[in-house]
Amino acid sequence: CKEAVCGVTSDCENRHMRVECLNSVDHKDCQNQRLQKKQFARVEVFKTGDGRGWGLKALEDISSGDLVQEYIGEVVTTAMCKARLRQYGPDTPVYFLAINRKMVIDASSKGSVARFINHSCDPNCETEKWEVGSETRIAIVAKKDIVKGTELTYNYNFESFGGHRVKCLCGSNNCSGFLDRRPQSGKDLSAKRTR
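Below, the structure is looked at part by part.

What counts and what doesn't
- Residues numbered from 1 in each chain as written.
- Predicted model: local features only at pLDDT ≥ 70, side-chain atom pairs only at ≥ 80, totals over all residues.
- Heavy atoms only, no water.
- Core = buried A, V, L, I, M, F, W, Y, C linked by side-chain atoms within 4.5 Å.
- Buried < 20%, exposed > 50% of the residue type's maximum accessible area, 1.4 Å probe, protein only.
- Helix = DSSP H or I, 4+ residues; strand = E, 2+ residues; numbered from the N terminus.
- Pairing = 2+ DSSP bridges.
- Axes fitted to C-alpha atoms, helices over the stretch in contact; angles between N-to-C directions.
- Contact = heavy atoms within 4.5 Å.

### A look at the nonpolar core
Within the largest apolar cluster, 20 residues are counted, with the highest numbers of intra-cluster contacts made by Ile-62, Val-68, Tyr-71 and Leu-152. Listing elements by their share of this core, those giving two or more residues are strand S2 (54–58), strand S3 (67–71), strand S6 (103–111) and strand S9 (135–142). In terms of nonpolar packing, the next biggest core, distinct from the first, is built from 6 residues, Leu-35, Trp-130, Val-132 and Ala-139 among them.

### Some thoughts on the sheet that holds S6
The antiparallel open sheet is built from 3 strands, whose spatial order is S4-S6-S5. Each having just a single partner strand, strand S4 (73–77) and strand S5 (96–98) make up the two edges of the open sheet. The mean angle between the axes of side-by-side strands here comes to 30°, regardless of whether they run parallel or antiparallel. Strand direction decides the pairing type here: S5 and S6, joined by 3 bridges, are antiparallel. Paired with Ala-98 across the two strands is Val-104, which belongs to S6. Lying over the sheet, helix H2 (residues 78–88) contacts S4, S5 and S6, oriented at roughly 110° with respect to S4.

### Notes on the sheet that holds strand S8 (residues 125–132)
The antiparallel open sheet is built from 3 strands, whose spatial order is S3-S9-S8. The open sheet has two edge strands with one neighbour each: S3 and S8. Between one strand axis and the next, the sheet turns through 35° on average, direction left out of account.

Structure representation (structure tokens):
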């Protein structure tokens, strides 16, 4: 960056391109190193009690744009991901997140608490791909202001393999019904109400 200190709202070119600045003497106070410095929101794993298993909730207010967590796990090829899906079976919880067409993060046995963030068709978080040095890393970022105690969610953009569909249990007004469908639009919801 051209600035001595990259701020959260600065004109840091790296931040705009989702590239974290690397540590250097000139950038020791840089604020565009959230993943490197693990500047995550305080969160807690909890049992949902409504059939969705475990979830993650905020232990503090989180502002829109804040880094919530990093999705961490074992990086495998998409071919290995498909082989593991067959090995795990339909009743085994899986925690896969695609980095690109060739690579996937498998957080099933090794991962961070980000794997407990549930899907929602109306999420309060989203995933962002960030470049940190030579690595692509997945950040979970707040889409809007989140109040302390709120469950954290993002849209999985789930892809179904082998015809097995997963029912969506998010309960949002625009729920699609299944994880491999897009959330319902305002037009879809209006048509449903008039039936």
